[in-house]
Amino acid sequence: MENIQQPKRVFSGVQPSGVLTIGNYLGAIKNWKKFEADEFDSIYCVVDMHAITVRQVPAELRRRTYEILALYIACGLDPQKNTMFVQSHVPAHAELSWILNCYTMFGELSRMTQFKDKSQKNASNVNAGLFDYPVLMASDILLYQTAIVPVGSDQKQHIELARDIAMRFNQVYGDVFTIPEGYMEKNGTKIMSLQEPTKKMSKSDENENASVGILDERDAIMRKFKRAVTDSDTVVRFADGKDGINNLMTIYSCFTGKSMSEIESEFEGKGYGDFKLAVGETVADGLQPVRERFNQLMADKAYLESIMKEGAEKANYFANKTLSKVYKKVGFVPKIR
Ligand code: ATP
Ligand code: LTN
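The shown structure was predicted, so the numbers you read here are calculated from the model rather than taken from an experiment.

The rules behind each value
- Residues numbered from 1 in each chain as written.
- Chains lettered and ligands numbered in written order.
- Predicted model: local features only at pLDDT ≥ 70, side-chain atom pairs only at ≥ 80, totals over all residues.
- Heavy atoms only, no water.
- Helix = DSSP H or I, 4+ residues; strand = E, 2+ residues; numbered from the N terminus.
- Rg over C-alpha atoms; globule rule 2.2 N^0.38 Å.
- Buried < 20%, exposed > 50% of the residue type's maximum accessible area, 1.4 Å probe, protein only.
- Contact = heavy atoms within 4.5 Å.
- Areas by Shrake-Rupley, 256 points an atom, 1.4 Å probe, with all protein chains shown as cover.
- Lys, Arg positive; Asp, Glu negative; His and termini not counted.
- Charge placed at Lys NZ, Arg CZ, Asp CG, Glu CD.
- Pairing = 2+ DSSP bridges.
- Right-handed = clockwise from strand over helix to strand, strands pointing away.
- Near = heavy atom within 4 Å.
- Polar contact = N/O pair within 3.5 Å; in protein donor to acceptor, adjacent residues only side chain to side chain.
- Nonpolar A, V, L, I, M, F, W, Y, C, P; charged D, E, K, R; others polar.
- Arc of directions from axis to C-beta.
- Axes fitted to C-alpha atoms, helices over the stretch in contact; angles between N-to-C directions.
- Parallel < 35°, antiparallel > 145°, perpendicular 65-115°, else oblique.
- Left-handed = near helix turned anticlockwise from the far one by under 90°.
- Expected span 1.5 Å × (residues − 1).

1. Comments concerning the overall build of the protein
A count of helical and extended segments in the protein gives 13 helices and five strands. Here the protein has a C-alpha radius of gyration of 21 Å; the compact-globule value for 337 residues is 20 Å, and the two agree. Counting over 337 residues, the protein shows a buried share of 50%. In the protein, 77% of the contacts between residues at least 6 apart in sequence involve partners at least 24 apart. By element, 50% of the accessible surface of the protein is carried by carbon and sulfur atoms, the whole surface being about 16800 Å². Put simply, the protein has 43 plus and 43 minus side-chain charges, and the middle of one group is 4 Å from the middle of the other.

2. Points about the pairing of strand β2 (residues 40-46)
Extensive coverage of β2 is indicated by the burial of five of its seven residues. Relative to β2, strand β1 (residues 8-14) is paired through seven bridges, and the arrangement is parallel. Opposite Arg-9, over in β2, you have Asp-41 as the bridge partner. Running through helix α1 (residues 22-27), the crossover from β1 to the neighbouring parallel element β2 is right-handed. The pairing of β2 with strand β3 (residues 82-86) spans five bridges and is parallel. The partner of Cys-45 across the bridge, within β3, is Phe-85.

3. Description of the site of ligand 2
Lining the immediate environment of ligand 2, one finds 13 residues, of which His-50, Tyr-133, Met-137, Asp-140 and Gln-155 sit closest. Contacts to ligand 2 include Asp-140, whose side-chain N or O atom sits 2.6 Å from a nitrogen atom. With respect to ligand 2, the side chain of Gln-155 contributes an N or O atom lying 3.0 Å from a nitrogen atom. Taken by itself ligand 2 offers 360 Å² of open surface, and the protein chains cover 91% of this. Elements that contribute at least two residues to the shell around ligand 2 include exactly β1 and α7 (128-143). Among the residues forming the shell around ligand 2, the class breakdown is seven nonpolar, five polar and one charged.

4. Let's talk about helix α4 (residues 92-101)
Taken residue by residue, α4 has Ala-92, His-93, Leu-96, Ser-97, Ile-99 and Leu-100 as its buried positions. Down the axis of α4, the buried side of the element spans an arc of 165°, and every buried residue falls inside it. Buried residues along α4 sit in contact with β1, β3, α7, α8 (156-173) and α13 (301-330).

5. Side note on the packing of helix α6 (residues 113-121) against α7
The geometry of α6 relative to α7 is characterised by a closest axis approach of 9 Å and an angle of 160° between their N-to-C directions. Taken as axis vectors, α6 and α7 run roughly antiparallel relative to one another. α7 is crossed by α6, and the crossing has right-handed handedness. Residues Gln-114, Phe-115, Lys-118 and Ser-119 of α6 form the contact with α7, whose participating residues are Leu-130, Phe-131 and Tyr-133. When its residues are assigned to classes, the contact of α6 with α7 shows four nonpolar, two polar and one charged.

6. Looking at α13
Its 30 residues give α13 an end-to-end C-alpha distance of 41 Å, which sits within 8% of 44 Å, the value for a rise of 1.5 Å per residue. Within α13 the residues assigned to the buried category are Leu-304, Ile-307, Met-308, Gly-311, Ala-312, Ala-315, Asn-316, Ala-319, Thr-322, Leu-323 and Val-326. The inward-facing, buried residues of α13 abut α3 (58-74), β3, α4, α7, α8 and α12 (272-298). Positive phi appears at Gly-331, one or two residues downstream of α13, with a value of about 105°.

7. A look at the side chain of Thr-104
Along the chain, Thr-104 turns up in the loop between α4 and α5 (106-110). Overall, the relative accessible area of 10% leaves Thr-104 in the buried class. Reaching out from Thr-104, the side chain makes a polar contact with the backbone oxygen of Leu-100 at a distance of 2.7 Å. Contacts of Thr-104, omitting those with residues within four sequence positions, involve Leu-109, Val-135, Leu-161, Ile-165 and Arg-168.

As structure tokens, this is what we get:
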């Protein structure tokens, strides 16, 4: 008999915790398009439950949840070919999370660098959810029997933990979970701050010149690139210690598809000023269609809601299959109907 291969499940998510940056775009969303091929079955989530690990203004959280969904589509994802949904619409995420908490060690969570960073940044609100964040993320991934998780490199440690939890559970109960693998591009998995190029560009950075938003206007984009921190050298080349220039070259390369040596030749004999201008223009041009599509989508809430609804129905179906299996394995009495 012909061996019909099951499509591989792909899962990823973004928090509606701020305005998305070109870091989120290049490190994550832009790369998801390739998983629309037949051999994959992709699910993208707006992880609102993760977002509340840091205090959010409710009306803003609601608006941003719509915005992230609109951005998924505006960045090129076809809602017919991908399942898109909102995390809090699928209760199984919270339910599995509780179970997996009992299979995750305190020591493991204490070692998570994101927890350490965020505890420092939010010193007055180091809540249990912030500590437990990676377990909810493991639940997101494992509920859908995910094989591939496309993310930026800052999420590597969380994916490793999700794998460890899955293996630990499977060792006790048999093959319940697929063991997921992180997927990172060679280029663009860590876009750096334009102001402190040794730090990751982050949507929650207070310095607005540090990050470029996917929805920034052309003027703002040009201004931010003009002000980007570089070095005292004058040659556009990719080299150790040239963090600012390396970062700008990476961004330029992601938008144009040019290699580092092609970029070096293109700007031979030209100064940083010309280079920054070119990067700004390329980024502004590249994002223009995204911004236009985004504005159209945000004007049609009913359409976005129809996608959320359909996505949640599919996601609930898949997620509940895994959750029932887990409940049975750990010894819970099935619901009496
Ligand atoms: P926050 O600053 O609120 O912690 P964030 O900007 O890190 O958020 P997330 O929602 O946590 O964004 O991440 C969404 C996706 O974007 C993840 O896959 C993450 O790895 C990726 N990502 C975030 N920042 C960058 C960056 N600077 N470079 C590349 N990828 C990134
Ligand atoms: N922690 C992730 C967001 C996230 C995620 C996920 C990514 C939550 N659940 C599941 C991939 C798969 C972040 O990017 N900060």
